[in-house]
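Each chain, letter by letter, is given below.
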Amino acid sequence: MLRTIWFIIILWLHQVMILPLRWKAQTLRKQGKEAEARAMAVKVARSWAHLLLRLTGSNITVHGKWPVQDGAALIVSNHQGAFDIPILAGWMATPLAFVAKVELQKIPLIGKWMELIDCVFLAREDRRQAVLVAKQTTALLKDGHSMVVFPEGTRSGSDNMLPFKKGSLGLAARAGVPIVPVALKNSYAVMPSGKPPICKAEVDVYIGDPIDPSTLSKEELDVLHERVQTWIAERCGGEVVAPPAEENTSPNSKA
């Protein structure tokens, strides 16, 4: 519990202390200096991520290297816990933005930094908005920004995974960029229940070889989400499990 209290205090003190940097980045963006603003925001995001994980006492071990390539990539990762975004933001050797749930945009201070690194926010229950998010993500990829998607759609809270949504990987083909699979192992253990207390954990990050969708046949593209998920499952030691059955909330359902 002391670790959790200390974590929360330092986290918010740090956010207040770096407010002048955020204001500077926002000013640069208003002046049309997009690249400078984003570079500053990415630098702050990385230092913030390392601070967060140091406060938890966790160790992050990266296996594999970021592929040497020009341009952007679509990073496809499993989603185990609340610390997945800072782990990827802090330990991947390339600036990243995320397709994240809209609730993160509403977090005071942190949401503004996510906007500055060009994160795209998704309201999962809004299908029309999902189309707009896909267009925004594709445009950012074409513009040279590497993006992270979590094709499960939500956190698993364990080494097991929910089935990957096929459409998430299709963004790479539309943008003409490679897919880089990334497996997160034991990241859920930093905050096991999805809420404090904060725990010390040993987290492994596995980086796979890039996959060029343009070299694949239609049949191979149809099962690409399964191929990538299998690669990730082999490294995080989990299984692909069925999502929990949704309750029937239609007017004709029984009470």
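So, how was this worked out
Residues numbered from 1 in each chain as written. Predicted model: local features only at pLDDT ≥ 70, side-chain atom pairs only at ≥ 80, totals over all residues. Heavy atoms only, no water. Helix = DSSP H or I, 4+ residues; strand = E, 2+ residues; numbered from the N terminus. Contact = heavy atoms within 4.5 Å. Core = buried A, V, L, I, M, F, W, Y, C linked by side-chain atoms within 4.5 Å. Buried < 20%, exposed > 50% of the residue type's maximum accessible area, 1.4 Å probe, protein only. Salt bridge = Lys/Arg side-chain N within 4 Å of Asp/Glu carboxyl O.

Enquirer: Run through the environment of Met-147, naming residues and quoting values.
Expert: With respect to the helices and strands, the residue Met-147 is situated in strand β5 (residues 146–149). With 79 residues separating them in the primary sequence, Met-147 and Glu-226 have C-alpha atoms 20 Å apart. When residues no more than four places from it in sequence are discounted, the contact partners of Met-147 are Ala-73, Leu-74, Ile-75, Ala-97, Phe-98, Val-99, Asp-118, Val-120, Thr-137, Leu-140 and Leu-141.

Enquirer: Give me the nonpolar core: which residues, what numbers.
Expert: Counting residues in hydrophobic clusters, the biggest one holds 53 residues, and the most contacted among them are Phe-83, Ile-87, Leu-88, Met-92, Phe-98 and Met-114. The element contributing the most residues to this core is helix α3 (residues 34–56), with 11 residues. The contacts of Phe-83, once residues within four sequence positions are left out, are Phe-7, Leu-52, Leu-53, Thr-56, Val-190, Met-191 and Ile-198. Membership of the second largest hydrophobic core comes to 28 residues, among which are Ala-172, Val-177, Ile-179 and Ile-232.

Enquirer: Outline the side chain of Thr-94, listing residues and values.
Expert: Counting through the fold element by element, Thr-94 comes out in the loop between α4 (84–91) and β3 (96–101). Under the relative-accessibility criterion, Thr-94 is labelled buried at 13%. Apart from residues no more than four positions distant in its own chain, Thr-94 is found in contact with Arg-46, Trp-66 and Ser-146.

Enquirer: Before we move on, can you summarise the pattern of salt bridges with the specific residues and values?
Expert: As enumerated under the stated definition, the model contains 6 salt bridges in all. For Asp-118, the salt bridge is made with Arg-29, and the minimal N-O distance between the two is 3.2 Å. Taken together, the residues span a long stretch of sequence, with Asp-118 in the loop between α6 (110–116) and β4 (120–122) and Arg-29 in helix α2 (residues 19–30) at a distance of 89 residues. When the shortest N-O distance is used, the salt bridge between Arg-235 and Glu-234 registers 3.4 Å. A residue is classified by how much of its surface remains accessible, and Arg-235, at 27% relative accessible area, is partly exposed. A relative accessible area of 58% places Glu-234 in the exposed class. Put simply, Arg-29, Glu-34, Arg-38 and Asp-118 are held in one network by salt bridges that share partners.

Enquirer: Can you explain unusual backbone geometry? Please cite residues and give values.
Expert: Keep in mind that most residues, glycine aside, have a negative phi and that most peptide bonds are trans. For the bond running from Pro-196 to Pro-197, omega is 20 degrees, close enough to zero to count as cis. Note that Pro-197 resides in the loop between β6 (179–185) and β7 (202–207). Positive phi, close to 75 degrees, is recorded for Asp-118, a residue that is not glycine. Phi angles above zero are rare outside glycine, and Asn-186 is one such case at about 75 degrees. Along the chain, Asn-186 falls in the loop between β6 and β7. Given a relative accessible area of 22%, Asn-186 falls into the partly exposed group.

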